[in-house]
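For reference, the chains in residue letters:
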Amino acid sequence: MHVMNTFMTKETATLASEREEVLKNNLDYTLFSWSKQKGIDPICVHRAEGVYLYDYDGKRYLDFSSGLMNVNIGHGDQRVTDAVVKQMQLVSYVTPSCATQVRGDLGKKLAEICPGSLNKAFFTLCGATSIENAMKLARLYTGRHKIITRYRAFHGATYGAMTAGGDPRKLPADSQQVPNVVHVEDAFCYRCPWSQEPQSCKLECISHIERVIDFEGPQNIAAILMEGESGSSGCIKYPKNYWKKLREICDRHGILLIADEVMSGFGRTGKWFGFEHHGVVPDMVCMAKGITSGYLPFGCLMVTDAIAAKYDNDPLMIGLTYSAHATACAAALEVIKIYETDNLIENASKIGAYVNKCVEDLKKIHPSIGDFRNTGLLGCIEVVKNPKTKEPMAPYNAPASAMKVMNQVGAKLKELGMYTFVRWNYIFIAPPLTVTEDQIDEGMAMISEALKIADANCEASPH
Ligand SMILES: Cc1ncc(COP(=O)(O)O)c(C=O)c1O
């Protein structure tokens, strides 16, 4: 034991001495997404295991956003490493024109977990390439050109996917958006654009889409594309029957229904896919993130037999050098096996219910919690300045000057040992699906502590 302690101390000391160089090389030679490069202070991650990240100083961080809501099986699962190594020893990569065992096995497995006739997989590299190919294929298949999407959505950062989303991260590149994407307002019940309350709601959000379709010409609309469950825009829950109505509209007009399951797929919401909460089957499903739990970059566009059949005789004019990458397919196959053998999807549902209960308890002591929206383990707290007026603690697309309080909340979480996604007035709760109740308690205690900063800036006494 004594020897072990000495070793640990030495290792820790060596690591701490490496930190400076690691950070310097990162900052001097690499660019960080979505931020000003000066003044950033990234966590220097040395290793990660389960729901925790460990930095070079030995500090532990509870990963409450599963990376970017992708590391669903948790970090450092050696079963994936073994599957990847085994595949690389056989063949790492062959061109997408070749057949491999792992590609076929994965396609078959995905057809098994997808409902209806979603039986054919086109493998991509990430979420954005799944979306790009879905948009392209929907246009090729229908011969129509317009795609309807939501403003409060993120579908990726390539040109087409960026345009499809409404997320304001696209606005600096506004002039470069692709044509023929038509955005609609969200069904955002907490902040209903039609000022309705649940008791007065007549699904105005659906009538709105029907009007937009009439204006745009249903004969010109190839697809409606929506996240299976909303993610980074604030886990905005679809009202009851919303997806069913969408399906009806699509069927009426020959429009394809595309579910973006990049974030909500692979057990994140307590079911394989978010759309399964809504009792519909889409025509195409975009996947990434959880398909490999982030162990390797990978994605998939799943389509129905009917769509695939058109290309029995017509050439399928989509392609990528790394489509069906053998090593990535092996990672995906193993990760899917882990979801099943470790009952992770059931765990997401069970622990998700526990999270809901914990946040209900937090609401009693934190007036700054305006709303909490969660499905399985895809959840987000909306922090407000005033729970009655619902004025957000930081507005939509908040400039840095409006982020003072939320930045302090985020900094507090980091100081306490939590890594999560704090955006505008949102705090995301989306830990790996392996998470336990004790680990949720650990995270909730940190969130509760950090929310004291928000409460001090909130114009209400505890509700
Ligand atoms: C719903 C959704 N779709 C697509 C994407 C884009 O995925 P990627 O970053 O892998 O291109 C994201 C990324 O966060 C996402 O949340």
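Structural data are supplied above this passage.
Residues numbered from 1 in each chain as written. Predicted model: local features only at pLDDT ≥ 70, side-chain atom pairs only at ≥ 80, totals over all residues. Heavy atoms only, no water.

### Remarks on the packing of helix H11 (residues 344–365) against helix H13 (residues 437–456)
Piece 1. Where H11 contacts H13, the axes come no closer than 10 Å and their chain directions differ by 30°. One element, H11, and the other, H13, form an angle in the roughly parallel class. Here H11 runs over H13; the crossing is right-handed. Here Lys350, Ile351, Tyr354, Val355, Cys358, Val359, Leu362 and Ile365 of H11 lie close against H13, whose contacting residues are Glu437, Ile440, Asp441, Met444, Ile447, Ser448 and Asp455.
Piece 2. When its residues are assigned to classes, the contact of H11 with H13 shows 10 nonpolar, 1 polar and 4 charged. (Axes fitted to C-alpha atoms, helices over the stretch in contact; angles between N-to-C directions. Helix = DSSP H or I, 4+ residues; strand = E, 2+ residues; numbered from the N terminus. Parallel < 35°, antiparallel > 145°, perpendicular 65-115°, else oblique. Left-handed = near helix turned anticlockwise from the far one by under 90°. Contact = heavy atoms within 4.5 Å. Nonpolar A, V, L, I, M, F, W, Y, C, P; charged D, E, K, R; others polar.)

### Brief notes about the sheet that holds strand E3 (residues 60–63)
Piece 1. The 4 strands lie next to each other as E1-E2-E3-E14, forming an open sheet whose pairing is mixed. Two strands bound the open sheet, and with one partner strand each, they are strand E1 (45–49) and strand E14 (418–419).
Piece 2. Examined bridge by bridge, strand E2 (residues 52–55) and E3 share 3 bridges and lie antiparallel to one another. Each residue of the ladder has a partner; that of tyrosine 52, found in E3, is leucine 62.
Piece 3. Against the sheet, H13 makes contact with E2, E3 and E14, and its axis sits at roughly 100° relative to E3, the strand it touches most. (Pairing = 2+ DSSP bridges.)

### Concerning the packing of aromatic side chains
Piece 1. Under the criterion given, the structure shown has 15 aromatic pairs.
Piece 2. Both rings, one in phenylalanine 266 and one in tryptophan 272, keep their centres 6.3 Å apart while their planes meet at 90°; by these two values the pair is edge-to-face. Tryptophan 272 shares its class with phenylalanine 266; the two are buried.
Piece 3. Three or more aromatic residues joined by ring pairs make a cluster, and in this case those are Phe266, Trp272, Phe273, Phe275 and Tyr339.
Piece 4. The cationic tip of arginine 169 hangs over the ring face of tryptophan 34; the distance from NZ or CZ to the ring centre is 4.9 Å. (Phe/Tyr/Trp six-rings, centres within 6.5 Å; stacked < 30°, edge-to-face > 60°. Buried < 20%, exposed > 50% of the residue type's maximum accessible area, 1.4 Å probe, protein only. Lys NZ or Arg CZ within 6 Å of the ring centre and 35° of its normal.)

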